[in-house]
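# Fold and contact review
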Amino acid sequence: MRVESWVYTIPLRLRSLFRRRLVEQELDDELQYHLHCKTADYVSKGLREEEARRAALLDMQGLTQRKEECRDARRVNLVDDTLQDIRYGLRILARTPGPTALAVLTLALAIGANAVVFALFQSLIARPLNVPRAETLYSLERKDSNSGRMSYPDYLDFRDRNRSFEGLAAYEISPAGLDTGSGNPSSVYVCMVSGNYFDVLGIQPQIGRVFHASDERGPNSAPYVVLSHRAWRERFSADPLIVGRTVQLNKHPYTVLGVTPPEFRGTLLFFSAEIFTPFVNQEQITGVNHLNERRMLSVFLTMGHLKPGVTPAQAIDDINAIGAQIEKTYPTDVARMRFTLADPSLYGSFLGRPVKAFLAGLMLLAALILLAACANLGSLFAARASDRAREVALRLALGAHRRRVLRQLFTEALLVALAGGAAGLLASVTFLRALSSWNPIPRFPIRLNLEPDPFVYALALVLALLAGILFGVLPARQVLAMDPFPIVKSGRLTGTHPRWTARDLLLAFQIAICAVLVTSSLVAVRGLIRSLHTDFGFQPRGTLLAHSALTMAGHPAAAYPAIHQRLVDSVAAIPGVEAAGLIDRIPLGADWANSLMYPEETTDFRPSNAAATAVRFNVSPAYFQAAGTRLLAGRLFTDHDHPRAPRVAIVNRECARRVFGSDAAALGRWFRLRNNIRLQIVGVVEDGKYVSLTEPPRAALFTPLAQSPAAETWLVARTSGNAAEHIAPAIREAFRQTDPALPVYIEPWTQTLDFALFPARVATAALGVMGLIGALLAVTGVFGMAAYSVSKRLKELGIRMALGARRTEVLHAALGRAFKLLAIGGSAGLLLGVLAARVLAAIVYQATPRDPFVLAGVVLALLLLGLVATWIPAHRALSLNPVALLREE
């Protein structure tokens, strides 16, 4: 049947679905007509209307009963036919376990991959935050930095002067030492939030109460905490009497007011908040009080609900007008304040843009996997239809209705689709559960809340059914449309055989898609290798980091220098430690600070007058030796750079070039910071990576830790040989001897770099899985075609071998088409992979499919896949016994 003829019959086919109901309606109308006639006949004989109708019903009881029996029989026959189709379909599928397993595996891989990607998209992008009226919740984001940071006084101005938000709440995240009463404090991340935080978000506690703005009366005036449900369960064993209990935060007593509901984990999707405390207690948590300093960006994020009737554009204009007024009022304290509204769940554009680009790329690759699986299914079912041509033709010749045969084929396809879909969904559920409990960076409370709605699984199941049914039923049309009698006589489909069949085209299309997936995975691996071999500006291998904050043990700022010196001396004396130093923020860590550098003669410290914006670090004298950072000119810090000595600094080469023109020109030069402190440059070190791996060359400024003491520090200990794992307990003991109440977290620097390498590693893992699935699909497709080709040409191959054909000629005859399709599809896929460079660049750092190693890797991978897929069919073709074959024929 031609395609256009089949399309024209669609209305008739749809009408046939409702024909049975139409016949039954006509039968009901006929019975009602006879009932009306008999009732009228009895009425004419003198009976009343009710008696006449009753008599007519008694006369027609046999007919109505026969009608119901026919209906019941039809229902029973339909159920019996369906069960018979299912049983027969299971037997047919069991007779060919290889092709059936390939079809189920193909569909399971595609549906599982798409279900996982759908769940990630819904959980991270589509699903709003679990707060009331989440659709009206926006955060403020600076246009110049894609960051929400601002000072606490700026936040108060925006909160009190805006006319667009029902309320603006702010928060910051900081580590603290939590003592629940055991006497051994543990490190915990605290969310310091504004007093109106819970009121703005509309969060009601599960137990107790939350604090409000009325609880704040100045610095350190609100010693209250609200526990997250997870912290209450894990750290306090779900104590029902937790309300009113006193806990210690950095040696300061805090009263537990309540517990948040289980579904509330804060407003950052990647960060599960544990403890909430009022922002006004900043000094007790961080050791500093910046509540009145406009130059210190102490607020991490500001957010609120728009008022009814206010559009985001109107809110942006309102906020920017306030920002312009703040700039005019405090020109030397604030930088350019232009804002936009963003999604608070992904920290606006900072995380939102790369996450959305990453998921968009994954969805595209998942769609390619689904297309490849559909092509594989079409190829497999086309082979099944060809193999079953004689069976179907015989059934038709014996009088079976074509619709009945089609229903049987439809049932078989439906069974395969359900099995593949169920296996894929089961695998996706298992993977998502493991992903939800995965914490890639142990020192952070990172949890991915991947709990997709049933809609995600329903959508995946629908995709499985559509893929299985569409590619399972359509190949059967070629059998149903042909005359069965020639097929019964010859035992195979008759007619001309085109040079390129639909199955060949499907296989070439599948190989092309799989080549794209393999290309993307190799690009990701290559990008990760580049990331690992990037010049960081420090040497992380063989180095241990010990993170602590002196505020966790309640130490005042005046005691910081002495404690730092004792720690460094104790660790440096450990056998196997080559050098030990301190730094307040590690490069490529989760936190960084910028400082504006001004020429020495500057008197107007507006941000626009700065010569450079540099990433700033405070370090001890031996830090550079411990970190392995090379000195290019000048000297390093010494113990003589104490608080009473002249202020000095070390810059990196980029900073020296940008501000002073060269390394030599920078040495001995003076500059000023924004607070008018004058510093002299005494050294220049090599450039490095400070904020992210993808950043351009950035200016960096290093100042002595003794002249700028910090409570939170990282101790860097460079070890000799493989002694790192044995030195970690000694470092922990050194901290314990310095202060038993000081929590410390020790890990190799290479492990700490997981934070910076996390995007590259996730992209590599995701694309690697996609490439592996693509490779499996390519192997199953080529193997299926090669095995089918050999099985259908056994007689021909036997004759060739009997006539003296060489082994290479037999292989070419048996597998030549498979290798030709592999070459065509692989070349097309490689070209598409090169053209998809922009898509890959959005997912992988330094992605370039034009890399010769990537191109060579794809070609080698396709050759290996071809060899693996054709090994068994080739072995079967070469092991044929032509004499036995010809005797069987």
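Just so you know, these numbers come straight off a predicted model, no measurement behind them.

## Examining the overall build of the protein chain
When helices and strands are counted, the protein chain shows 30 helices and 21 strands. Here the protein chain holds 889 residues, and 49% of them are scored as buried. Pairs at least 24 residues apart make up 80% of the contacts formed inside the protein chain by residues separated by at least 6 positions.

## Brief notes about the packing of helix 7 (residues 152–161) against helix 11 (residues 312–329)
Each pair of packed helices can be described by the angle between their axes along with the distance between the axes. Their axes nearest at 10 Å, the elements helix 7 and helix 11 cross at an angle of 135 degrees. One way to sum up the angle between helix 7 and helix 11 is to call them oblique. Here helix 7 runs over helix 11; the crossing is right-handed. Across the interface between the two elements, Asp-154, Asp-157, Phe-158 and Arg-161 of helix 7 pack against Ile-319, Ile-322, Gly-323, Gln-325 and Ile-326 of helix 11. Classifying every residue of the contact of helix 7 with helix 11 by side-chain character gives four nonpolar, two polar and three charged.

## A few points about the pairing of strand 3 (residues 186–193)
For strand 3, the tally of buried residues reaches six of eight residues, placing the bulk of the element in the interior. Pairing between strand 2 (residues 169–179) and strand 3: eight bridges, direction antiparallel. Note on strand 3: the bridge partner recorded for Ser-174 is Val-190. Following strand 2, the chain reverses through six residues before pairing antiparallel with strand 3; Gly-181 in that reversal takes a positive phi of roughly 120 degrees. Examined bridge by bridge, strand 3 and strand 8 (residues 275–278) share four bridges and lie parallel to one another. When the sheet's bridge partners are listed, Met-192 is paired in strand 8 with Thr-277.

## A short note on the pairing of strand 11 (residues 543–549)
Each regular strand carries side chains that alternate between the two faces of the sheet. Taking burial as the measure, the seven residues of strand 11 include seven buried ones, the bulk of the element. Both faces of strand 11 are covered, namely the face carrying Thr-543, Leu-545, His-547 and Ala-549 and the face carrying Leu-544, Ala-546 and Ser-548. Pairing geometry for strand 11 and strand 21 (residues 745–748), over four bridges, is antiparallel. When the sheet's bridge partners are listed, Leu-545 is paired in strand 21 with Glu-747.

## Considerations on helix 7
Of all the residues in helix 7, the buried ones are Tyr-152, Pro-153, Asp-154, Tyr-155, Asp-157 and Phe-158. On its buried side, helix 7 packs onto strand 2, strand 9 (301–305), helix 11 and strand 10 (339–342).

## Some words on the packing of aromatic side chains
As enumerated under the stated definition, the model contains 20 aromatic pairs in all. Look at Tyr-197 and Phe-198: their rings are 5.2 Å apart centre to centre, the planes differ by 85 degrees, and that puts the pair in the edge-to-face class. Three or more aromatic residues joined by ring pairs make a cluster, and in this case those are Tyr-171, Tyr-197, Phe-198, Phe-211, Phe-264, Phe-276, Phe-300 and Tyr-347. Positioned over the ring face of Tyr-330 is Arg-294, at 3.9 Å from the centre of the ring. Over the ring of Trp-670 we find Arg-678, and its NZ or CZ is 3.7 Å from the ring centre.

## Regarding the nonpolar core
One finds Leu-362, Ile-369 and Met-770 to be the most contacted residues of the largest nonpolar core, which totals 64 residues. Looking at this core, the elements that each hand over two or more residues are helix 6 (97–126), helix 12 (349–387), helix 14 (402–436), helix 15 (454–473), helix 18 (502–532), helix 25 (754–792) and helix 29 (852–878). Among the elements that take part in this core, helix 12 stands out by supplying 15 residues, more than any other. In this view, Ile-369 contacts Ala-110, Ala-113, Leu-517, Met-770, Ile-773 and Leu-777; residues no more than four positions away in its chain are not counted. In terms of nonpolar packing, the next biggest core, distinct from the first, is built from 41 residues, Phe-158, Met-192, Ala-315 and Met-337 among them.

## A short note on a nonpolar patch on the surface
The grouping of Leu-83, Ile-86 and Leu-90 at the surface amounts to a nonpolar patch, some 240 Å² of accessible area in total. Within the fold, Ile-86 resides in helix 5 (residues 61–95).

## Re helix 21 (residues 653–660)
For helix 21, every residue scored as buried is listed here: Glu-654, Cys-655, Ala-656 and Phe-660. Buried-residue contacts for helix 21 involve strand 13 (594–599), strand 16 (648–652), helix 22 (663–666), strand 17 (670–672), strand 18 (678–685) and strand 19 (700–704). Directly after helix 21, the chain includes Gly-661, whose backbone phi takes a positive value near 100 degrees.

## Thoughts on the pattern of salt bridges
Considering all chains together, one arrives at 23 salt bridges under this definition. For Arg-635, the salt bridge goes to Asp-641, with nearest N and O atoms at 3.2 Å.

## Overview of the packing of helix 6 against helix 14
Running from N to C, helix 6 and helix 14 cross one another at 40 degrees; their axes reach a closest spacing of 7 Å. The angle between helix 6 and helix 14 falls in the class oblique. Between helix 6 and helix 14 lies a crossing of right-handed hand. Judged by residue contacts, Ala-103, Val-104, Leu-107, Ala-108, Ile-111, Gly-112, Ala-115, Val-116, Ala-119 and Leu-120 of helix 6 engage Val-416, Ala-417, Ala-419, Gly-420, Gly-421, Ala-423, Gly-424, Leu-425, Ser-428, Phe-431, Leu-432 and Leu-435 from helix 14. Residues of the contact of helix 6 with helix 14, tallied by class, amount to 17 nonpolar, five polar and no charged.

## Focus on unusual backbone geometry
Not every positive phi belongs to a glycine, and Asn-250 is a case in point at roughly 55 degrees. Here Asn-250 lies in the loop between strand 6 (246–249) and strand 7 (252–259). Judged by relative accessible area, which is 0%, Asn-250 ranks as buried. The backbone of Leu-588 sits at a positive phi, close to 60 degrees, despite the residue not being glycine. Relative to the elements of secondary structure, Leu-588 occurs in the loop between strand 12 (577–583) and strand 13. Using a relative accessible area of 2% as the deciding quantity, one classes Leu-588 as buried.

## Description of the environment of Pro-704
Its location among the elements puts Pro-704 in strand 19. Take Pro-704: its relative accessible area is 3%, and that puts it in the buried class. Distance in space between the C-alpha atoms of Pro-704 and His-642 is 7.8 Å, their sequence separation being 62 residues. When sequence neighbours within four positions are dropped, the list of residues in contact with Pro-704 reads Val-619, Phe-637, Asp-641 and Val-648.

## Digging into the side chain of Thr-411
Note on placement: Thr-411 falls in helix 14. Once residues within four sequence positions are removed from consideration, Thr-411 is found in contact with Asp-85 and Ile-86.

## Quick word on the environment of Val-568
Looking at the secondary structure, you find Val-568 in helix 19 (residues 560–572). Not counting the four nearest positions on each side in its chain, Val-568 is found in contact with Ala-580, Leu-582 and Leu-715.

## Description of the confidence of the model for the protein chain
A residue-level look at the protein chain finds 80% of positions with pLDDT of 70 or above and a mean pLDDT of 80. Across residues 1–10, confidence stays below pLDDT 50; counting only partners more than four residues off in sequence or on other chains, it has six contacts. Scored below 50 in pLDDT, residues 65–76 shows seven contacts in the model against residues more than four places distant or in partner chains.

What counts as what
- Residues numbered from 1 in each chain as written.
- Predicted model: local features only at pLDDT ≥ 70, side-chain atom pairs only at ≥ 80, totals over all residues.
- Heavy atoms only, no water.
- Helix = DSSP H or I, 4+ residues; strand = E, 2+ residues; numbered from the N terminus.
- Buried < 20%, exposed > 50% of the residue type's maximum accessible area, 1.4 Å probe, protein only.
- Contact = heavy atoms within 4.5 Å.
- Axes fitted to C-alpha atoms, helices over the stretch in contact; angles between N-to-C directions.
- Parallel < 35°, antiparallel > 145°, perpendicular 65-115°, else oblique.
- Left-handed = near helix turned anticlockwise from the far one by under 90°.
- Nonpolar A, V, L, I, M, F, W, Y, C, P; charged D, E, K, R; others polar.
- Pairing = 2+ DSSP bridges.
- Phe/Tyr/Trp six-rings, centres within 6.5 Å; stacked < 30°, edge-to-face > 60°.
- Lys NZ or Arg CZ within 6 Å of the ring centre and 35° of its normal.
- Core = buried A, V, L, I, M, F, W, Y, C linked by side-chain atoms within 4.5 Å.
- Patch = residues over 30% accessible without salt bridge, like charges linked within 9 Å, V, L, I, M, F, W, Y side chains within 5 Å.
- Areas by Shrake-Rupley, 256 points an atom, 1.4 Å probe, with all protein chains shown as cover.
- Salt bridge = Lys/Arg side-chain N within 4 Å of Asp/Glu carboxyl O.
- pLDDT = per-residue confidence, 0-100.

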